[in-house]
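# Survey of secondary and tertiary structure
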Amino acid sequence: PMNITHFFDPASCTLSYLVYDADTKDAVVIDPVLDFDPSAVRVSDVSVRRIADTVRELGLHVHYIIDTHAHADHLSGQDALKELVGGKTAIGGQITVVQDAFKGIFNFDEGFPTDGRQWDTLMTDGEPLKAGSLTIEPIHSPGHTPACYTYKVDDALFTGDVLFMPDFGTGRCDFPGGSAEDLYESIQRLYAMPDATRVFVGHDYQPGGRALRYETTIGEQKVSNKHLKATDTKSAFVAFRTARDKTLRPPHLIFQSLQVNAQAGVLPDPDSNGLRYLRLPMGVFA
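Residues numbered from 1 in each chain as written. Predicted model: local features only at pLDDT ≥ 70, side-chain atom pairs only at ≥ 80, totals over all residues. Heavy atoms only, no water.

## Some thoughts on the environment of Glu220
- Tracing the backbone shows Glu220 in helix α5 (residues 218-224).
- Overall, Glu220 belongs to the partly exposed group, its relative accessible area being 29%.
- For Glu220 and Arg276, which are 56 residues apart along the polypeptide, the C-alpha to C-alpha distance reads 45 Å.
- Leaving out residues up to four positions away in the same chain, Glu220 has contacts with Pro166, Arg213 and Asn225. (Helix = DSSP H or I, 4+ residues; strand = E, 2+ residues; numbered from the N terminus. Buried < 20%, exposed > 50% of the residue type's maximum accessible area, 1.4 Å probe, protein only. Contact = heavy atoms within 4.5 Å.)

## Focus on the sheet that holds strand β7 (residues 75-76)
- If you trace the three strands from one edge of the open sheet to the other, you get β5-β4-β7, paired in antiparallel fashion. Two strands close off the open sheet at either side, each with one partner strand: β5 (42-44) and β7. (Pairing = 2+ DSSP bridges.)

## Structural notes on the nonpolar core
- With 22 residues, the main nonpolar core has Tyr17, Val19, Val28, Tyr64, Ile66, Ile136 and Phe158 as its most contacted residues.
- Every element with two or more residues in this core is listed here: β1 (2-9), β2 (14-21), β3 (26-30), β6 (61-66), β10 (129-131), β11 (134-140), β12 (149-153) and β13 (156-158).
- Those residues within four positions of Ile136 in sequence are excluded, and the remaining contacts are Val28, Ile66, Pro128, Leu129, Ala131, Tyr151, Lys152 and Val153.
- Core analysis: the next-biggest nonpolar cluster, separate from the first, contains 20 residues, Ile139, Leu163, Ile187 and Phe237 among them. (Core = buried A, V, L, I, M, F, W, Y, C linked by side-chain atoms within 4.5 Å.)

## So, the environment of Asn225
- With respect to the secondary-structure elements, Asn225 resides in the loop between α5 and α6 (234-245).
- Classification of Asn225 as buried rests on a relative accessible area of 0%.
- Remark: the alpha-carbon pair of Asn225 and Val48, spanning 177 residues in sequence, is separated by 31 Å.
- With residues near it in sequence (within four places) discarded, Asn225 still touches Leu163, Phe164, Met165, Pro166, Gly169, Thr170, Tyr191 and Glu220.
- Polar side-chain contacts of Asn225 include one of 3.2 Å to the backbone oxygen of Gly169.
- Polar contacts involving the side chain of Asn225 include one to the side chain of Gln221, which spans 2.8 Å. (Polar contact = N/O pair within 3.5 Å; in protein donor to acceptor, adjacent residues only side chain to side chain.)

## Let's talk about the packing of helix α4 (residues 180-191) against α6
- Taken N-terminus to C-terminus, the directions of α4 and α6 make an angle of 130°; their axes are 9 Å apart at the nearest point. The angle between α4 and α6 falls in the class oblique. Along this stretch, α4 crosses α6, giving a crossing that reads as right-handed. In this structure, α4 contributes Ala180, Glu181, Leu183, Tyr184 and Glu185 to the contact, and α6 contributes Lys234, Phe237, Val238, Arg241 and Thr242.
- Broken down by class, the residue content of the contact of α4 with α6 amounts to five nonpolar, one polar and four charged. (Axes fitted to C-alpha atoms, helices over the stretch in contact; angles between N-to-C directions. Parallel < 35°, antiparallel > 145°, perpendicular 65-115°, else oblique. Left-handed = near helix turned anticlockwise from the far one by under 90°. Nonpolar A, V, L, I, M, F, W, Y, C, P; charged D, E, K, R; others polar.)

## Let's talk about helix α2 (residues 78-85)
- Burial in α2 covers these residues: Gln78, Leu81 and Val85. The buried side chains of α2 occupy one side of the element, clustering within an arc of 70° when seen end-on.
- On its buried side, α2 packs onto β3, α1 (46-58), β6, β7 and β8 (88-92).
- Directly after α2, the chain includes Gly86, whose backbone phi takes a positive value near 75°. (Arc of directions from axis to C-beta.)

## Focus: the packing of aromatic side chains
- Going through the model one piece at a time under the given rule, you end up with 14 aromatic pairs.
- Ring centres of Tyr17 and Tyr214 lie 6.4 Å apart, and the angle between their planes is 55°; on these two criteria the pair is classed as tilted. Here Tyr17, found in strand β2, pairs with Tyr214, found in the loop between β14 (198-200) and β15 (215-217); they are 197 residues apart in sequence, far enough to count as distant.
- A relative accessible area of 23% means that Tyr214 is categorised as partly exposed.
- For the ring pair Tyr184 and Phe237, a centre distance of 6.2 Å and an interplane angle of 40° mean the geometry is tilted. Highlighted residues: Tyr184 in helix α4 and Phe237 in helix α6, separated in sequence by 53 residues. Residues Tyr184 and Phe237 agree in their burial class; the two are buried.
- Put simply, the rings of Phe102, Phe106, Phe108, Phe112 and Phe255 pair up and form one aromatic cluster. (Phe/Tyr/Trp six-rings, centres within 6.5 Å; stacked < 30°, edge-to-face > 60°.)

This is how it looks when you write it as structure tokens:
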């Protein structure tokens, strides 16, 4: 039977998931977090070690460490977790579009590859990925970014920033390559699935101070999602999402995150003095 263990990072409100078969011990990890202290400009592996400890306690074999997209609010723990538990890194193939966009923003040198080679595996919509007894079905879900994917494993969807809990709504669409029109169409694909399909979200911001929630269903989303119910029209959603996004500030770690996450969670190479540097381009979101 498939089991799902969640890990919550309160600093970024991120949910990471360990998905595994209790009988065969096959496993995948979705959206691990590398901890980052912006004041000290320092990373730590507390969050990925929690996952690694659980992997070892359960005797699991991690086949893949997967990101739903290039996150803009936290550093990816893909590379750090791979060092601890092995496995291959994977992400949706459209990550190349994101790499190309941010190569220009960060003015990376010409040698920076934008073909996704930093990952072991690039996934394609509709082409299942086998992880031992587990099958991951990649569903391209653009809108929040052009490279977002939802992953279906058995009866569960892992939606990243496409869908949040119904009382928080949907992901924003104002990052480079984002599109409210695309997000609407992506969510329609998910809403076409059986109502009992489980949904595991990528973040929970605990609106109103409520307790942590991370699991819902397609049926509940269609009836209760505060940004997009099944009865809402595309034009109404696009108008709402566009207006709302204009009021939102960028995530406070967007630049630190994306220059690391655009290369599978690998930190920048040390400079000639032995120190690593993260770039902060000015005025991009003026």
